[in-house]
Amino acid sequence: MNKRYKFEFISFLITFFVSSIFIYFGGVKHSTDDSFILFRYIDNIISGNGFVYNIGEKILGATTPLFTLSGVLFKLVFGFLDIPTVVLLENVIFLSLSSIFFYKVCQYFFSKNVALVAVFVFAFNLSKIIPEGMETGLFILTLFAFIHYLLIGKNYISAVFLSFVLLTRPDAALIAVLAFIYWWKNYGFEKTIRYTFTSILVALPWLVFSTIYFDSFV
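We now turn to the structure provided with this report. Note that the structure is predicted; figures quoted are calculated from it, not measured.

**Structural notes on the pattern of salt bridges**
If you walk through the whole model with that rule in mind, you get 4 salt bridges. Between glutamate 135 and arginine 169 there is a salt bridge whose closest N-O contact spans 2.6 Å. You can see glutamate 135 sitting in the loop between helix 5 (112-126) and helix 6 (136-151) and its partner arginine 169 sitting in the loop between helix 7 (155-168) and helix 8 (173-187), a full 34 residues away along the chain. The buried category is assigned to glutamate 135, whose relative accessible area is 5%.

Here it is, written out as structure tokens:
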């Protein structure tokens, strides 16, 4: 293992282990609310019925397009598992990956040891979100990745992850506004437009598809 990434690897293992223990001993029960709407969309896409809840009705009822599509991808890879279990596994992986970027963000402000302690708190506090079967794990992953690359000045990469954040939770538009202000203040108007255009370009395929398919991207 590369010593340079030792603490990142430890962060991943901590969160993966804690999440797995929580699932095994916690008697995980899937949510009975919006998660089953998501499961049905995934099932219809996998079955070739389209991005629909009811077959033949092209209505965008999934508020998290990126997580829905990632669920489809995970189901294609883990086809032997039922959809709720696939989404459960997906959330464990996303949360474990997000702990790496959480560690990196903490390390920006604190020492490595303090950042690692923060990861323990992160893992134990957020493992409870996994049974919900929704997009919180992916949202946290994309958000902390965005913040990490923003803090180290890799703004084009941060712009890409900002787009992923918005495709996971559209109400994260406020974060986009704050990012625009941050870029403008630190890099000027011209570069801010470039970064903003990068985010729009990443989201453009979904915006075009949903507008044509659903007559609306909302």
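**Let's talk about the environment of aspartate 34**
Structurally, aspartate 34 can be placed in the loop between helix 1 (6-25) and helix 2 (35-46). The sequence separation of aspartate 34 and leucine 76 amounts to 42 residues, and the corresponding C-alpha distance is 22 Å.

**Looking at the packing of aromatic side chains**
To describe a pair of aromatic rings, one takes the distance between the centres and the angle between the planes. Scanning the model with the defined rule gives 30 aromatic pairs in all. Relative to tyrosine 53, the ring of tyrosine 41 has its centre 6.0 Å away and its plane inclined at 45°; by these criteria the two rings are tilted. Here tyrosine 41, found in helix 2, pairs with tyrosine 53, found in the loop between helix 2 and helix 3 (65-77); they are 12 residues apart in sequence, far enough to count as distant. For the ring pair tryptophan 206 and phenylalanine 214, a centre distance of 6.4 Å and an interplane angle of 50° mean the geometry is tilted. On the basis of relative accessibility, which here comes to 11%, the residue tryptophan 206 falls in the buried class. Judged by its relative accessible area of 8%, phenylalanine 214 falls in the buried class. Residue placement shows arginine 40 over the ring face of tyrosine 53; its charged tip is 4.2 Å from the ring centre. Lying over the aromatic face of phenylalanine 139, arginine 169 brings its terminal NZ or CZ to 5.9 Å of the ring centre.

**Describing the nonpolar core**
In this structure, Leu95, Phe122, Ile140, Phe144, Phe146 and Trp183 are the most contacted members of the largest nonpolar core, which totals 48 residues. Mapped by element, the contributors of at least two residues to this core are helix 1, helix 2, helix 3, helix 4 (83-109), helix 5, helix 6, helix 7 and helix 8. With 12 residues, helix 4 is the largest single contributor of residues to this core. Setting aside anything within four residues of it in sequence, one finds tryptophan 183 in contact with Phe146, Leu150, Asn155, Ser158, Ala159, Leu162, Gly188, Thr192, Tyr195 and Thr196. In this structure, Leu60, Ala62, Trp206 and Phe214 belong to the second largest nonpolar core, which totals 10 residues.

Rules of the game
- Residues numbered from 1 in each chain as written.
- Predicted model: local features only at pLDDT ≥ 70, side-chain atom pairs only at ≥ 80, totals over all residues.
- Heavy atoms only, no water.
- Salt bridge = Lys/Arg side-chain N within 4 Å of Asp/Glu carboxyl O.
- Helix = DSSP H or I, 4+ residues; strand = E, 2+ residues; numbered from the N terminus.
- Buried < 20%, exposed > 50% of the residue type's maximum accessible area, 1.4 Å probe, protein only.
- Phe/Tyr/Trp six-rings, centres within 6.5 Å; stacked < 30°, edge-to-face > 60°.
- Lys NZ or Arg CZ within 6 Å of the ring centre and 35° of its normal.
- Core = buried A, V, L, I, M, F, W, Y, C linked by side-chain atoms within 4.5 Å.
- Contact = heavy atoms within 4.5 Å.

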